[in-house]
Amino acid sequence: MVGQTVQLTATERLTSSTTQDVTSTSTWQSSNPAVATVSGAGLVTAVSLGSAIITATSQSVAGTLSVLVVTNTVKSILIVGPNTLATGQTSTLTAAASTTSGMQVITAGIAWQSSKPDVASVSSEGVLTATAPGTATISATYAGVTGRLTVTVVNLVATSITIFGPTTVTSGTPTQLMATAMFADGTAQIITNVATWQSSNTGAATVSSSGLVTWVAAGTTTITTSYLGVTGSVVMSAN
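Bear in mind the structure is a predicted one, so any value in this text is a computation, not a measurement.

Visitor: So what exactly am I meant to see when it comes to the sheet that holds strand β14 (residues 111-114) here?
Guide: Within a sheet, neighbouring strands are paired by backbone hydrogen bonds and run either parallel or antiparallel to one another. Pairing within the open sheet is mixed, and its four strands lie in the order β10-β18-β17-β14. Of all strands in the sheet, those with a lone pairing partner are β10 (84-86) and β14, marking the two edges. Strand-to-strand twist of the sheet, defined as the mean angle between neighbouring strand axes without regard to direction, takes the value 30°. Note: β14 against strand β17 (residues 134-142), four bridges, orientation antiparallel. Bridged to Ala111 within β17 is Thr141.

Right under this line is the structure:
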């Protein structure tokens, strides 16, 4: 496709039936530089749609390769993300395009849309936010092709939160905590990366949004995590 580069290799067969790499010593030429150019090292660059013949010459012996530059057509869009979210949860969606040259993740130029923003909304960056119980269809459009993901939002009622990790450490040692939530239906879920974390004594330790505690001095602090209106805490100390 236009803009794509390919490194070619030239191999010379000798009268002794042995071969040797002559990529760097060959003379390279394109029959149609407007379509595809070739560098002195055999690197081909697709410039526009069409065809060209690439020739490599070594010691008056030439070899050729036909190159066809085609349009990279998007055939379908796949949205990668959760099918079920609890009210208040967020998730970053990823869109991938199936094209004539293979599968590729799309990082820009996507138009995101929700069929029911009051149930689940989606930002221009693909961040999905569950707002109220129900079902919504999330669509991602790229190069005129649309992919869809059905998302169901449920009302999970958290009853308790438990924090796991060491409570006594050496000052200066980073400590990764993990949090789990228990729900009214008897199920449990790891919420480390979606919960809100807080340290009561930032002069001793801070805590990141993913539960990583960083000690800046010896002391004691209470680490608290919140999720769906429920909190859990643990007292930690460093010496």
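Visitor: I tried to follow the environment of Gly42 on my own but got confused; where do I start?
Guide: With respect to the helices and strands, Gly42 occurs in the loop between β5 (36-38) and β6 (43-46). Between the C-alpha atoms of Gly42 and Ala56, which are 14 residues apart in sequence, the distance is 8.1 Å. With sequence-adjacent residues up to four places away left out, Gly42 is seen in contact with Val6, Gln7, Leu8 and Trp28.

Visitor: Explain the side chain of Ser114 to me, please; I cannot follow it from the model alone.
Guide: Among the secondary structure elements, Ser114 is positioned in strand β14. Reaching out from Ser114, the side chain makes a polar contact with the backbone nitrogen of Lys116 at a distance of 3.2 Å. Among the polar contacts listed, one links the side chain of Ser114 to the backbone oxygen of Ala120, at a separation of 2.5 Å. The contact partners of Ser114, leaving out residues within four places of it in the chain, are Ala120, Ser121, Val122, Ala136, Thr137 and Ile138.

Visitor: Is there a simple way to think about the pairing of β6 in this case?
Guide: Side chains on a regular strand alternate between the two faces of the sheet. Burial of β6 is one-sided: the residues Val44 and Ala46 facing one way are buried, the residues Leu43 and Thr45 facing the other way are not. As defined by bridge partners, strand β1 (residues 5-7) adjoins β6 across three bridges and the pair is classed as antiparallel. Residue pairing across strands places Val6 opposite Val44, the latter belonging to β6. The turn joining β5 and β6, which pair antiparallel and follow one another in sequence, is formed by four residues; a positive phi near 90° is taken by Gly42.

Visitor: How do you make sense of the layout of surface pockets when you look at a structure like this?
Guide: Empty space left among the atoms is revealed by rolling a probe the size of a water molecule over them. Reported here for the largest pocket is a volume of approximately 280 Å³. Along its surface, the largest pocket is lined by 20 residues, and Ala10, Thr11, Ala56, Ala62 and Gly63 are the ones closest to its centre. Classifying every residue of the lining of the largest pocket gives nine nonpolar, nine polar and two charged. In this model, the second largest pocket occupies a volume close to 160 Å³.

About the criteria used
Residues numbered from 1 in each chain as written. Predicted model: local features only at pLDDT ≥ 70, side-chain atom pairs only at ≥ 80, totals over all residues. Heavy atoms only, no water. Pairing = 2+ DSSP bridges. Helix = DSSP H or I, 4+ residues; strand = E, 2+ residues; numbered from the N terminus. Axes fitted to C-alpha atoms, helices over the stretch in contact; angles between N-to-C directions. Contact = heavy atoms within 4.5 Å. Polar contact = N/O pair within 3.5 Å; in protein donor to acceptor, adjacent residues only side chain to side chain. Buried < 20%, exposed > 50% of the residue type's maximum accessible area, 1.4 Å probe, protein only. 1 Å grid on protein atoms, 1.4 Å probe; cavity = no way out; pocket = protein on both sides within 12 Å on 5 of 7 lines; lining within 4 Å. Points joined across faces, edges and corners; volume = space filled by probe spheres on them. Nonpolar A, V, L, I, M, F, W, Y, C, P; charged D, E, K, R; others polar.

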